[in-house]
Amino acid sequence: TRLAGAIARMNGSYQSGVLTLQKLRTGGRQTVVVQHVNVNDGGQALVAGEGQRREGQGAGNRPQFHHLMGTEWLPAIPDVHARLSSDPPARVADLGCGEGWSTIAIARAYPKVRVDGIDLDEPAIAHARRNAEGTEVAARVAFHARDAAEPALQGQFDLVTVFEGLKAGLAAPM
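All figures in this text were calculated on a predicted structure; none of them were measured in a lab.

A. Region of the structure containing the overall build of the chain. Looking only at helices and strands, one finds 6 helices and 6 strands in the chain. Counting every position in the chain, which comprises 174 residues, the buried fraction comes to 43%. When contacts within the chain are restricted to residue pairs at least 6 apart in sequence, long-range pairs at least 24 apart make up 69% of them. Entry remark: accessible area of the chain is about 8700 Å², with carbon and sulfur atoms responsible for 54%.

B. Local environment of the pairing of strand β6 (residues 159-162). Here β6 shows a buried face lined by Leu159 and Thr161 and a second buried face lined by Val160 and Val162. With 4 bridges connecting them, strand β3 (residues 91-95) and β6 associate as parallel partners. Along β6, the bridge assignment pairs Leu95 with Val162.

C. Region of the structure containing helix α4 (residues 101-109). Of all 9 residues in α4, 7 are buried, a share of seventy percent or more. Within the span of α4, buried status applies to Trp101, Ser102, Thr103, Ile104, Ala105, Ile106 and Ala107.

D. Expanded view of the pattern of salt bridges. What the rule picks out here adds up to 5 salt bridges. Across the pair Asp87 and Lys112 runs a salt bridge, and its minimum N-O distance is 3.2 Å. Of this pair, Asp87 sits in the loop between α3 (78-85) and β3 while Lys112 sits in the loop between α4 and β4 (114-119), placing them 25 residues apart in sequence. In this structure, Glu136 engages Arg108 in a salt bridge whose closest nitrogen and oxygen atoms are separated by 2.7 Å. Separated by 28 residues along the polypeptide, Glu136 in the loop between α5 (122-132) and β5 (141-145) and Arg108 in helix α4 bring together distant segments of the chain. Since its relative accessible area comes to 32%, Arg108 is described here as partly exposed.

E. Examining the nonpolar core more closely. Counting residues in each nonpolar core, the largest one holds 26 residues, and the members touching the most others are Met69, Leu84, Ile106, Val113 and Phe143. If you tally residues by element for this core, the top one is α4, at 5 residues. Among residues more than four places away in sequence, those in contact with Val113 are Leu84, Ala90, Val92, Ile106, Ala107 and Arg140. Among the nonpolar cores identified, the runner-up in size contains 5 residues, and Ala93, Ile118, Leu153 and Val160 belong to it.

F. Geometry of the environment of Arg108. Considered as a pair, Arg108 and Thr135 are 27 residues apart in the sequence and their alpha carbons are 9.5 Å apart. Setting aside chain neighbours within four positions, we find Arg108 in contact with His66, Thr135, Glu136, Val137 and Arg140.

G. Representation of the side chain of Asp94. In this structure, Asp94 sits in strand β3. Buried charge without a salt bridge: Asp94, with Arg108 as the nearest opposite-charge side chain at an N-O distance of 12 Å. A polar side-chain atom of Asp94 sits 2.7 Å from a polar atom in the side chain of Thr103. Setting aside chain neighbours within four positions, we find Asp94 in contact with Ser102, Thr103, Val115, Asp116, Gly117, Ile118, Thr161, Val162 and Phe163.

Calculation criteria
- Residues numbered from 1 in each chain as written.
- Predicted model: local features only at pLDDT ≥ 70, side-chain atom pairs only at ≥ 80, totals over all residues.
- Heavy atoms only, no water.
- Helix = DSSP H or I, 4+ residues; strand = E, 2+ residues; numbered from the N terminus.
- Buried < 20%, exposed > 50% of the residue type's maximum accessible area, 1.4 Å probe, protein only.
- Contact = heavy atoms within 4.5 Å.
- Areas by Shrake-Rupley, 256 points an atom, 1.4 Å probe, with all protein chains shown as cover.
- Pairing = 2+ DSSP bridges.
- Salt bridge = Lys/Arg side-chain N within 4 Å of Asp/Glu carboxyl O.
- Core = buried A, V, L, I, M, F, W, Y, C linked by side-chain atoms within 4.5 Å.
- Lys, Arg positive; Asp, Glu negative; His and termini not counted.
- Polar contact = N/O pair within 3.5 Å; in protein donor to acceptor, adjacent residues only side chain to side chain.

In C-alpha cells:
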C-alpha cells in the first residue's frame with residue numbers, strides 16, 4: 001500500500017495517505033514504528049527548490065497533523081493510543097520531522113509524552129525549534145539535527161514515527 005500511495009502522489013492524484021504499522025524489537029524493548037505517506041500535494045514537492053519544498057511541505061501538512069494526528073491517525077492503532085495515554089509517560093521519536101509540525105501535533109494530542117524530532121536537515125530543525133517556541137508543548141518537545149541511525153538512540157523510544165521524512169524521501173530518494 002505504501003508503493004500505491006507513492007505512485008498516486010507522483011501522478012498528482014488526491015489521497016489522504018497510507019498508514020502502516022510495524023513492531024520492532026530492539027534491545028529487549030518493543031518499539032512501534034508508524035509511517036504515513038502523504039499523497040495529496042499533486043507532486044509539486046518534486047519540482048520545488050529545497051527551501052520552497054521544505055516550507056511548502058510543512059505548510060501543507062500542518063493542518064492534517066493538527067486536526068488528524070490525535071483524533072484519527074494514532075487512535076486508529078489501539079496499542080499505540082493506549083501507550084501514549086498511559087503512565088509512565090512515553091518517549092516518542094519523530095524521524096525526518098522537517099519543520100516539526102508532526103512532532104508538535106503528537107505532543108499536543110498526548111499531554112504526557114515527550115517527543116524528540118530528529119532530522120538531518122539543519123535549516124528544518126531551526127524552523128522546528130522556532131515553531132515550537134512559546135507553544136504549550138515547548139517543554140515536552142526537542143529537536144535534533146542528527147542521524148537517527150546513531151547507536152546511542154537505539155532502545156530509547158516507545159514509539160518511532162516517520163511522517164515528513166517519507167514524503168521528502170520521495171522527492172530525493174536515498
